[in-house]
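# Secondary and tertiary structure notes
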Amino acid sequence: GDDNSGRKVITFSCCRMPPSHQLNHTRLLEYLKYTLDQYVENDYTVVYFHYGLKSLNKPSLKWLQTAYKEFDRKYVSKLFGLLFRFLLTISFSFPRYKKNLKALYVVHPTNFIKILWNIFKPLISHKFGKKITYLNYLSDLREHLKYDQLNIPQEVIRHDENLRRKQKGKLPPVVKVPPPRPPLPTQQFGVSLQYIKDKNKGELIPPVMKETVSYLKRKGLQVEGLFRRSASIQTIKDVQKLYNQGKFVNFDDYHDIHIPAVILKTFLRELPQPLLTFECYDHILGITSVESSLRVTRCKQIIQGLPEHNYVVLKYLICFLHMVSQESIYNRMTASSLACVFGLNLIWPSKGTASLSALVPLNLFTELLIDFYMNIFNSRTVPGE
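Rules used in this analysis
- Residues numbered from 1 in each chain as written.
- Predicted model: local features only at pLDDT ≥ 70, side-chain atom pairs only at ≥ 80, totals over all residues.
- Heavy atoms only, no water.
- Pairing = 2+ DSSP bridges.
- Helix = DSSP H or I, 4+ residues; strand = E, 2+ residues; numbered from the N terminus.
- Axes fitted to C-alpha atoms, helices over the stretch in contact; angles between N-to-C directions.
- Core = buried A, V, L, I, M, F, W, Y, C linked by side-chain atoms within 4.5 Å.
- Buried < 20%, exposed > 50% of the residue type's maximum accessible area, 1.4 Å probe, protein only.
- Salt bridge = Lys/Arg side-chain N within 4 Å of Asp/Glu carboxyl O.

## Here's the deal with the sheet that holds strand 4 (residues 132-135)
Spatially, 4 strands are ordered 1-2-3-4 in an open sheet, and the strand pairing comes out parallel. If you trace the sheet from one side to the other, it starts and ends with strand 1 (8-13) and strand 4, each paired once. Ignoring strand direction, the axes of neighbouring strands in this sheet form an average angle of 20°. Relative to strand 3 (residues 101-107), strand 2 (residues 44-49) is paired through 6 bridges, and the arrangement is parallel. Paired with valine 47 across the bridge in strand 3 is tyrosine 105.

Listed below in structure tokens is the structure:
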């Protein structure tokens, strides 16, 4: 899932760790490395569910030493230190390896973890220490990320309920959630493309998309790491509020080129239905089973099946991303890099979140759209485009 800033979230559940004697440690290392490879070049968040780590399944010190040798410090410093009882915490003292880890939430921490953290705290930079948050209950996660997107083990949920019973003697009362307010006539975020079109005199391209793309074309095409960097959560919320109220947004006032980039990604991610539509999800997953020489043709076939409005907006966006990729010598954002950022902002399943195995075809499909933009979008013209 995503956190409230649009950063990808990696979860680690200790209760899912099998007994140490049953675990293929080599495969575990490869799996962790593969998982991290999907995200560590972009800003990301880690949620660590500590419940379930016992003497039976706790990795040995010898294995941790092996992991440290087999993984370069980029991986160890970002994840291993805190996941396995902070035994590798000292590696956090290398600042250039931790910059993209923006938040680490330790859920259900024990007193032992807190004591160990205090022991190692002097060895860790103050800046990194501020990224770590202890959360005593699952409900605390709602303040920081999209809780409903998380795949939380039932064991962790039951443990959370038991903690609450012990704390209050009973389960907390059910909080009544007020019904959602109807969207404003000027609403841009969290409403459908059709709604925005109807409220903007039939314009096919949403104002927020047109303005962010236009600004980034003028001032951001050669900015290194465009779309990879995050921005202030509060600033993003303020800009969203201005757009939703129909007020003018001058990005020059913020002195941060990454704000319009994050706003564009946030707009796509908050659409009620993904731009590529739920109906296309399974078709896109099948792209890896298509022969390499026929994949562009298959992409074109899938895109042709989109509703007209989605097609026009997608074409507008991919045209821009193609322009960004053409400046990759300066901005370091190749079609592949952009696909890793935008893949899950363009398509996601109707229920739950995309599995790890789905990332490969989703990102590949997005990369093909960007790389072969001229070929894929050259044969369909929509009235009013």
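Here the narrative resumes, following the displayed structure.
## Brief notes about the nonpolar core
The nonpolar side chains of a soluble globular protein tend to be buried with one another. Counting 69 residues, the largest nonpolar core has Phe227, Ile303 and Leu314 as its most contacted members. Among the elements that take part in this core, helix 13 (residues 308-326) stands out by supplying 9 residues, more than any other. One finds Val9, Tyr105, Val107 and Leu138 within the second-largest nonpolar core, a separate group that totals 15 residues.

## A word on the pattern of salt bridges
By the definition in use, this model includes 3 salt bridges. Between arginine 164 and aspartate 160 there is a salt bridge; the shortest N-O distance is 3.6 Å. With arginine 164 and aspartate 160 both in helix 6 (residues 154-168) and 4 residues apart, this pair spans about one turn of that helix. Residue classification places arginine 164 among the buried positions, given a relative accessible area of 14%. What makes aspartate 160 buried here is its relative accessible area of 7%.

## Thoughts on the pairing of strand 2
Taken residue by residue, a regular strand's side chains alternate between the two faces of the sheet. Counting buried positions along strand 2 yields 6 of 6 residues, so the element is predominantly enclosed. Burial of strand 2 is two-sided: the residues Tyr44, Val46 and Tyr48 facing one way and the residues Thr45, Val47 and Phe49 facing the other way are all buried. Here strand 1 pairs with strand 2 via 6 bridges, running parallel. By the bridge assignment, threonine 11 is partnered in strand 2 with valine 47.

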